[in-house]
Amino acid sequence: MSFIWCCNSFQYYGMILGTSVMVGNRFVNFILGAVVELPSNLVTHFMLIRFGRRPTMILAYSLTGVLLVAANLIPEKYGSVDLVPLLTTLNTLGKFFSTAAFNSIFIHTTEIFPTNFRNRAFGIASTCARIGSMVAPLTLYASDDAKIPGLIFGGVGFLAALLVLPLPETKGVPMPQKISDVQTNPCYNCRHFC
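Residues numbered from 1 in each chain as written. Predicted model: local features only at pLDDT ≥ 70, side-chain atom pairs only at ≥ 80, totals over all residues. Heavy atoms only, no water.

**A look at the packing of helix α2 (residues 26–35) against helix α3 (residues 37–51)**
Threshold: As a rule, the C-alpha atoms of each element are fitted with a line to give its axis, helices using only the stretch in contact, and angles between N-to-C directions run from 0 to 180 degrees. Secondary structure follows DSSP: runs of H or I at least 4 residues long count as helices, runs of E at least 2 residues long count as strands, and numbering of each begins at the N terminus. Roughly parallel means an angle under 35 degrees; roughly antiparallel, over 145; roughly perpendicular, 65 to 115; everything else is oblique. The contact criterion used is simple: two residues touch if any of their non-hydrogen atoms lie within 4.5 Å.
Interaxial distance between α2 and α3 falls to 4 Å at its minimum, and their mutual angle equals 25 degrees. As far as their axial angle goes, α3 and α2 are roughly parallel. From α2, Gly33, Ala34 and Val35 reach across to α3, where they touch Glu37, Leu38 and Pro39.

Spelled out as structure tokens, the structure:
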């Protein structure tokens, strides 16, 4: 769970800080990245209620990865056609789903751990997230090619989606109060998918 938090924060803050190196107008990119947060929060709320925590996170991480990789593999021009608006749209949608993943992981983390360990687990995960957010700016300027950081952020989205797969679904499951609740509830058995 902590590594998922690290991936999430790395990707989320990398996209926020990377608006100046994305294709297109940096000011428009920044405004779109900020404006997309509110609809993402609303959509995530309904997705968590309707589909559950794990499917929402897998979808959000996967779509973030697909959108960011696509935005960085498509050229800015195709013949005489300017593709910058398409690339800006892909990056903005990637930010939308990155925000959705960030919102989802907060809920899932609080529901997956028992009460007597919840604060410690959340603190450890949050600390790991800060490591990801510290590495993100270094990744942005580690390469002369502006597309490499976007590909890395997209790849991290795929990695996070894979790491969510073995986690249990917590929608509709009573929150564990003690560690023994986790051990006796078959839904928290990570050897199978709930």
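Alright, that's what it looks like, and here's the rest.
**Some thoughts on the side chain of Thr64**
Condition: Definition of a polar contact: a pair of N or O atoms within 3.5 Å, with one able to donate and the other able to accept a hydrogen when the atoms are protein atoms, and with sequence-neighbouring residues admitted only if both atoms are side-chain atoms.
Turning to its location among the elements, Thr64 is positioned in helix α4 (residues 53–73). Separated by 3.1 Å, the side chain of Thr64 and the backbone nitrogen of Ser98 make a polar contact.

**Describing the packing of aromatic side chains**
The description of an aromatic ring pair uses the distance of the two centres, along with the angle that the planes make with each other. Here is the rule we go by: In this analysis, rings of Phe, Tyr and Trp, with Trp reduced to its six-membered ring, are considered paired at centre separations within 6.5 Å, and the interplanar angle assigns stacked below 30 degrees, edge-to-face beyond 60, and tilted for intermediate values. Each residue's exposure class comes from its accessible area (1.4 Å probe, protein chains only) as a fraction of the maximum for that residue type: buried when under 20%, exposed when over 50%, partly exposed otherwise.
A complete count under the given rule lists 11 aromatic pairs for this structure. Taking 5.3 Å as the distance between ring centres and 80 degrees as the angle between the ring planes, the aromatic pair formed by Trp5 and Phe122 counts as edge-to-face. Of this pair, Trp5 sits in helix α1 (residues 2–17) while Phe122 sits in helix α6 (residues 115–140), and the two are 117 residues apart along the sequence. Classification of Trp5 by relative accessible area gives buried; the value is 1%. Judged by centre distance (5.0 Å) and plane angle (80 degrees), the ring pair of Phe96 and Phe97 falls under edge-to-face. For the pair Phe96 and Phe97, one class covers both residues: buried. One aromatic cluster in this structure is built from Trp5, Tyr12, Tyr13, Phe102, Phe106 and Phe122.

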